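Each chain is listed here by its residues.
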2 protein chains.
Amino acid sequence: MVSRDKLPPLASIRAFEAAARLESFARAAQELGTTAASVSYHVRQLEQQTGLRLFVRHPHRVELTMAGVAVASEATAAFAALRASFVKARDRDEARLSLTALPTLGTSWLTPRLGLFRARHPDIAIELELSAEPQPLGDGRFDAAIRHGLGDWRGLRSVRLFPVLFTPLCAPGLKGAVGDLEDPSRPLGVPLLGRPDWWASWYRALGVAAGPPPGRFGTSLAAEHLDIAAAVAGHGIAIGSPILFRDEIAAGRLVPAHDLVAGDGRAFWFVYPVVRLQSPKIARFRDWLCDEAAAATAPMRNLIDHAVILEP
Amino acid sequence: MVSRDKLPPLASIRAFEAAARLESFARAAQELGTTAASVSYHVRQLEQQTGLRLFVRHPHRVELTMAGVAVASEATAAFAALRASFVKARDRDEARLSLTALPTLGTSWLTPRLGLFRARHPDIAIELELSAEPQPLGDGRFDAAIRHGLGDWRGLRSVRLFPVLFTPLCAPGLKGAVGDLEDPSRPLGVPLLGRPDWWASWYRALGVAAGPPPGRFGTSLAAEHLDIAAAVAGHGIAIGSPILFRDEIAAGRLVPAHDLVAGDGRAFWFVYPVVRLQSPKIARFRDWLCDEAAAATAPMRNLIDHAVILEP
DNA sequence: CTAGAGGCTAAGCCATATTTATGGTCAGCC
DNA sequence: GGCTGACCATAAATATGGCTTAGCCTCTAG
C-alpha cells in the first residue's frame, strides 16, 4: 500500500479532476490537450495508487463513485486555489515595475518620457532608481534596468536603445568665445566640462592623439547631466550625448561646439533577466521604450550615421 | 506570455512548494526523493512560465521573494487539502467492506468465521451478500468476492483458498442403511441428495462411467448446504465438500458414506479487481481469509492430497 | 585555510506518459 | 434491424521531458 500521507502523482490527479468535472474521459482529454487513452491511463493509475475506486466504467460512459465525487470536488477546489494564487501573485506583481538606470539617462531622457508611459499604461506604476553603479538584477529589487555597455551581460536579455555618443556642447552665447577646439594644445578661453576620458576619446576620434591637459578643465562634477547643466549656464563646454540632450539643443539652450560626434562603441540597453522573458509588464515597458528610443533617434539618423566610433 | 489562467506544470509547483517550505533546494530534493539539480530546474521552470521571480538566489542559500511567499503558502495549503481529501476518502472507504459469495460457502464456512474478523478488525464493517450467480466486481457494488472456478478471471486478482471437493455424506444413523454405494445400478435403500452432475463426477472419479439413474435422487433443493441440512436430518446421502462441512463431521452430525473424495479441479478463490491491489481493507481481509483457509485445510491435508481430481 | 555544504550549469540518458491503432459496446437513426 | 458514430479499454511503439551525473563556484564553519 502506498504511504498514507503521500500525494499521488499530480498528473494523474489532474487528469482525474478534469474527467470528473466533465464527466467524460474524451472531454477531459480535449481540455487537457491530450488523448482519451492518456486520461484513461492516468485515472487507472490514480485508482491503483490510492486503492480507491473513483469511476465506475460503463460501456460507453463513466460514472463517479462516492469516493470519486468526494475527491473530485476537493481536487477541483485545490486546483482552483492554486491557479488563483498564481494569478493573484502575478496581478500584484504586474502593478509595479521597478527600474534602475544611470542618473544622466534617467534625468535627461527617461524621466520626461515616463509620464507618457504612465498615461498609456495606467495599470503599471513605475519605480525608478538612479545610480551611477549598475545595480544587480535578479535579486528581487529591480525588474529591469537601463545600462550602457556592449550588451553582453550573461543571464540578462539586452535590447539596444541607441548608441552612447559624445560631442562638445555649449551655451549659444559661448560659441563665439570658443577658440580652436581642434587643437588641445592651444588656449581655449573657456573651461572644458565633463569626464576627461571622454574628452580624450573625442580628441582621438578627431585624430588628435593627445587629450586636453588637466589645466583645461573646469569644476569636476559628479555626473554628465550636471556638466551639461553647467554648460547651459554658460560655464564652459561640456561633452555629452546629442541624443540625450536633444531637447536642450532643440530649445536653443545648447549648441554644438563642433561638428564631430564620437562614440565608444557602447550603447544604452534595456536589460532584464532571461527568466522573466514571459513577464508581461516588462514586455510592455520594453516595447514602449523601444518605440520611444526609435522616435528619439529617427530624426538624428544622419548624425548617428556620421559619428566616429572608436574601437572600445 | 503564458495564458493567464493556465496552471503551470504541477511537478514544478510541487518542487517549488517543497523548496519554499523547507527553505532549501537540497532538503526539498531529499523530501521529494530527487536531486537538488532537479529542484533547481523545476523552480527555474516555474519562474519562466509565470514570469514571477519566486526565489532570490544567494550564493549558498535561497530566499523567497514576496511573490514567492504568497504563492508558496497557497500552494502548501492546496497540496495539503488535496492530500487530506484522499486520506479522508480512503478512511471512509476503509470502514466498509462489501463482499459477495456463493450461498453454500457463505452460510456454512464464511459466516461462522466473520465474527472473528470483526473482533480482530473492529474498524471494518463487513457486508456480505450471497447469491448463486457470480456478481460482477468493479461496478462499485462489491469490493471483493469469493468465487469458485479456475482462478482465471481477467481484470481480477485471484487468491486460492481451497479446492472444491465432494464426497458422500450422511447422518450417522443412516450409515448402516446404505447398501453398496459403489455400484450405481444396485438399489441403495436411501435417496441421493445434491446435484446429479456432482454425483456423476464422483462416480467417474470412482471409475464408474454411468452416473446414478434419475430415480435414485430425492427431493431436489436449491443449494448444496440445503442438501447437507437434509442429510443431517437423515433424509438421504448428500454430496458435498468435506472442507465446507467439516464442522458437521467433527460434531458427529454427518459421517462420510464413502472414503472417496473427488474434485473437479476447481477451487474457491478470493477475488478482487487488480486496480484495487493497493486497497488496505481488501488486503487485510484477504490476509485474514487466507489464514483461515490455511487453518481450515491444514488438518485435512491428507484427505485433500488423496482426493481424485477429474480433468475439468 | 581547508573542508564541507549549497547551489548552478550542461549534457546525456532513461523512464514516463503519450500517441497510435485496434477492438468492443451501446445509442441513435434511417 | 442492421449501420454508423461515440465512447472507453488495451497494447505496443514512440518521444518528450525530467532526472541524474559530473564539474564548478561561492560562501561558511571549524
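Residues numbered from 1 in each chain as written. Chains lettered and ligands numbered in written order. Predicted model: local features only at pLDDT ≥ 70, side-chain atom pairs only at ≥ 80, totals over all residues. Heavy atoms only, no water.

The subject of this paragraph is the protein's contact with DNA strand C. As a structural note, the neighbourhood of DNA strand C is formed by 19 residues, with Thr34(A), Ser38(A), His42(A), Ala26(B) and Arg57(B) the closest of them. Take the atoms of DNA strand C that sit within 4 Å of the protein: sugar and phosphate atoms are 85% of them. Between DNA strand C and Thr34(A) there is a distance of 2.9 Å, counted from a phosphate oxygen to a side-chain nitrogen or oxygen. Between DNA strand C and Arg44(B), the relevant distance is 3.4 Å, taken from a phosphate oxygen to a side-chain nitrogen or oxygen of the residue. Of all elements in the fold, only helix H3 (36-50) of chain A together with helix H2 (25-32), helix H3 (36-50) and strand S2 (61-64) of chain B reach the threshold of two or more residues within the surface near DNA strand C. A total of five residues in the surface near DNA strand C trace back to one element, the largest contributor, which is H3(A). (Near = heavy atom within 4 Å. Polar contact = N/O pair within 3.5 Å; in protein donor to acceptor, adjacent residues only side chain to side chain. Helix = DSSP H or I, 4+ residues; strand = E, 2+ residues; numbered from the N terminus.)

All right, on to the relation of the copies chain B and chain A then. The two copies are related by a screw operation: chain B maps onto chain A through 179° of rotation and 0.0 Å of translation along the axis, at an RMSD of 0.6 Å. Here the copies are linked by what is in effect a two-fold axis. In terms of C-alpha distance to the rotation axis, chain B has Ala78(B) as its closest residue, with the C-alpha 2.5 Å off the axis. Counting the interface residues of chain B, we find that 100% of their copies in chain A are interface residues as well, pointing to one common contact surface. (Least-squares fit on C-alpha atoms with pLDDT ≥ 70 in both. Contact = heavy atoms within 4.5 Å.)

Bringing the protein's contact with DNA strand D into the picture now. What surrounds DNA strand D is a group of 19 residues, the closest being Ala26(A), Arg57(A), Thr34(B), Ser38(B) and His42(B). Taken together, the sugar and phosphate atoms account for 83% of what DNA strand D places within 4 Å of the protein. In this structure, Tyr41(B) approaches DNA strand D through a side-chain N or O atom, which is 3.2 Å from a phosphate oxygen. Taking His42(B), its side chain carries an N or O atom lying 2.5 Å from a phosphate oxygen of DNA strand D. Mapped by element, the contributors of at least two residues to the surface near DNA strand D are helix H2 (25-32) and H3 of chain A together with H3 of chain B. A per-element tally of the surface near DNA strand D places H3(B) first, with five residues. Per-class residue counts for the surface near DNA strand D are seven nonpolar, nine polar and three charged. (Nonpolar A, V, L, I, M, F, W, Y, C, P; charged D, E, K, R; others polar.)

For the rest of this paragraph, the subject is the interface of chain B and chain A. At the interface, 47 residues of chain B touch 48 residues of chain A. The contact between chain B and chain A buries some 4,700 Å² in all, and 63% of this surface belongs to carbon and sulfur atoms. Counting across the interface, chain B meets chain A through two salt bridges. Counting across the chain B and chain A interface gives six residue pairs in polar contact (both at pLDDT 80 or more). Contributions of two or more residues to the side of chain B that touches chain A are made by helix H1 (10-22), H3 and helix H4 (66-94) of chain B. For the side of chain B that touches chain A, the leading source of residues is H4(B), giving 18 residues. Split into classes, the residues belonging to the side of chain B that touches chain A amount to 22 nonpolar, ten polar and 15 charged. (Buried area = accessible area lost by both parts, 1.4 Å probe. Salt bridge = Lys/Arg side-chain N within 4 Å of Asp/Glu carboxyl O.)

If you look at the biggest cluster of nonpolar residues, it comprises 60 residues, and the most contacted ones within it are Ile237(A), Phe270(A) and Phe285(A). A total of eight residues in this core trace back to one element, the largest contributor, which is strand S6 (residues 156-170) of chain A. Listed in part, the 59 residues of the second largest apolar core include Ala205(B), Phe270(B), Trp288(B) and Ile304(B). (Core = buried A, V, L, I, M, F, W, Y, C linked by side-chain atoms within 4.5 Å. Buried < 20%, exposed > 50% of the residue type's maximum accessible area, 1.4 Å probe, protein only.)

Taken domain by domain, chain A comprises domain 1 (10-91) and domain 2 (95-312). One C-alpha centre belongs to domain 1 of chain A, the other to domain 2 of chain A, and the line joining them spans 57 Å. (Domains from an automatic or database assignment.)

Where charged atoms of side chains with opposite charge meet at close range, the side chains can pair. All chains considered together, the criterion is met by 32 salt bridges over all chains. The salt bridge involving Arg113(A) is made with Glu292(A); its shortest N-O contact spans 3.5 Å. Taken as a pair, Arg113(A) in helix H5 (residues 103-120) and Glu292(A) in helix H9 (residues 280-297) lie far apart in primary sequence, 179 residues in all. Across the pair Asp264(B) and Arg266(B) runs a salt bridge whose closest N-O atoms are separated by 2.9 Å. For Asp264(B), a relative accessible area of 13% gives the class buried.

Residue and element names in this part refer to chain A. With respect to the helices and strands, Leu 165 occurs in strand S6. The class for Leu 165 is buried, based on a relative accessible area of 1%. A sequence separation of 71 residues divides Leu 165 from Gly 236, and the C-alpha atoms of the two residues are 19 Å apart. For Leu 165, the contacting residues outside a window of four places in its chain are Gly 240, Ser 241, Pro 242, Ile 243, Val 261, Ala 262, Gly 263, Leu 303, Ile 304, Ala 307 and Ile 309.

A few words on helix H7 (residues 224-232) of chain A. All names here are of chain A. Residues Glu 224, His 225, Asp 227, Ile 228, Ala 230 and Ala 231 constitute the buried set of H7. On the buried face of H7, the contacting elements are H5, S6, strand S7 (192-193), helix H6 (196-206) and strand S8 (237-240). Two residues or fewer past H7, Gly 234 is found with a positive phi of approximately 85°.

Take the packing of aromatic side chains next. Residue and element names in this part refer to chain A. Overall, the coordinates contain 26 aromatic pairs over all chains when judged by the stated rule. Seen in terms of ring centroids, Phe 25 and Phe 55 are 5.2 Å apart; in terms of plane orientation they differ by 80°. Their pairing is edge-to-face. One end of the pair, Phe 25, is in helix H2; the other, Phe 55, is in strand S1 (residues 55-58), with 30 residues separating them in the sequence. Measuring from ring centre to ring centre gives 5.0 Å for Phe 117 and Phe 285, while their planes differ by 75°; the resulting arrangement is edge-to-face. (Phe/Tyr/Trp six-rings, centres within 6.5 Å; stacked < 30°, edge-to-face > 60°.)

The end-to-end C-alpha distance of H3(B), which contains 15 residues, comes to 21 Å, matching closely the 21 Å that a straight helix rising 1.5 Å per residue would cover. Among the residues making up H3(B), those that are buried are Val39(B), His42(B), Val43(B), Leu46(B), Glu47(B) and Thr50(B). Seen along its axis, H3(B) keeps its buried residues to an arc of 135°; they face one direction. Considering only its buried residues, H3(B) is in contact with helix H4 (66-94) of chain A together with H1, H2 and strand S1 (55-58) of chain B. Backbone geometry just downstream of H3(B) places Gly51(B) in the positive-phi region, at approximately 75°. (Expected span 1.5 Å × (residues − 1). Arc of directions from axis to C-beta.)

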